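Coordinates in review
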Amino acid sequence: TVGRFSAPLCGLVFLLRGGSIGWGLWVVMNHFLLTHIPEEERSLFIGLINLLFLPSAFYPFLGGLLVRGDRFLSLGGAPLLFLLAAVITGIGLVATYRLPEAGAEQSHA
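Residues numbered from 1 in each chain as written. Predicted model: local features only at pLDDT ≥ 70, side-chain atom pairs only at ≥ 80, totals over all residues. Heavy atoms only, no water.

1. Topic: the overall build of the chain
Formally: The numbering of helices and of strands both runs from the N terminus, where a helix is a DSSP run of H or I of at least 4 residues and a strand a run of E of at least 2. The cut-offs for exposure are 20% and 50% of the maximum accessible area for each residue type, with area from a 1.4 Å probe on protein chains only; residues under the lower value are buried, those over the upper are exposed, and the others partly exposed. Note on contacts: a residue pair qualifies if any of its non-hydrogen atoms lie within 4.5 Å across the two residues. For the accessible areas, the method is Shrake-Rupley and the probe is 1.4 Å, while residue cover comes only from the protein chains on display.
Of regular secondary structure, the chain possesses five helices and four strands. The buried share of the chain, taken over its 109 residues, is 6%. Taking as baseline every contact in the chain between residues at least 6 positions apart, the subset at least 24 positions apart corresponds to 42%. When the accessible surface of the chain is split by element, carbon and sulfur atoms take 73% of a total near 8900 Å².

2. Digging into a nonpolar patch on the surface
For clarity, the cut-off: To count toward a patch, a residue needs a relative accessible area over 30% and no salt bridge; like charges are then connected within 9 Å, while nonpolar side chains (Val, Leu, Ile, Met, Phe, Trp, Tyr) are connected within 5 Å. In the sections that follow, a salt bridge refers to a side-chain nitrogen of Lys or Arg positioned within 4 Å of a carboxyl oxygen of Asp or Glu.
There is a patch of nonpolar side chains on the surface, built from L44, L48, L51, L54, F58, Y59, F61, L62 and L65 and spanning about 950 Å² of accessible area. Those elements that place two or more of their residues in the nonpolar patch are α2 (42-52) and α3 (59-64). Turning to its location among the elements, L65 is positioned in the loop between α3 and β1 (67-68).

3. A short note on the environment of A85
Locating A85 in the fold gives a position in helix α4 (residues 80-96). In this structure the C-alpha to C-alpha distance between A85 and G63, which are 22 residues apart in sequence, comes to 9.8 Å.

4. A look at the confidence of the model for the chain
Put simply, the rule reads: A residue's pLDDT is the predictor's confidence in that residue, given on a scale from 0 to 100.
In this model, the chain carries a mean pLDDT of 79, and residues with pLDDT of at least 70 account for 87%. Element-level mean pLDDT values for the chain span from 54 in helix α5 (residues 104-108) up to 88 in α4.

5. Topic: the environment of L75
On the secondary structure map, L75 appears in strand β3 (residues 74-75). Other than its neighbours up to four places away in sequence, L75 contacts L80 and L83.

Put into structure tokens, the structure is as follows:
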């Protein structure tokens, strides 16, 4: 939505979202994998993580469905695409609080 007002600002938002969601998620998932999964099971979990990222290939298409012509679909004056991204990001934040701390599994064993 920022691209309608300023192309450089749109680039900054794209860089920050891509960096935090894309690379940040990759780093966190791999760190979690290496600290919590036994070495002999890691290849299985790497395959499962890559399978979980498959739906993200459809995000551009699904996001395009939320645009009609040159207007974004809105809900209460806010672009629906923005609200959807905020809700999904919020769910991810809440889900991180359920992750076990590093070393928690070894202390209970």
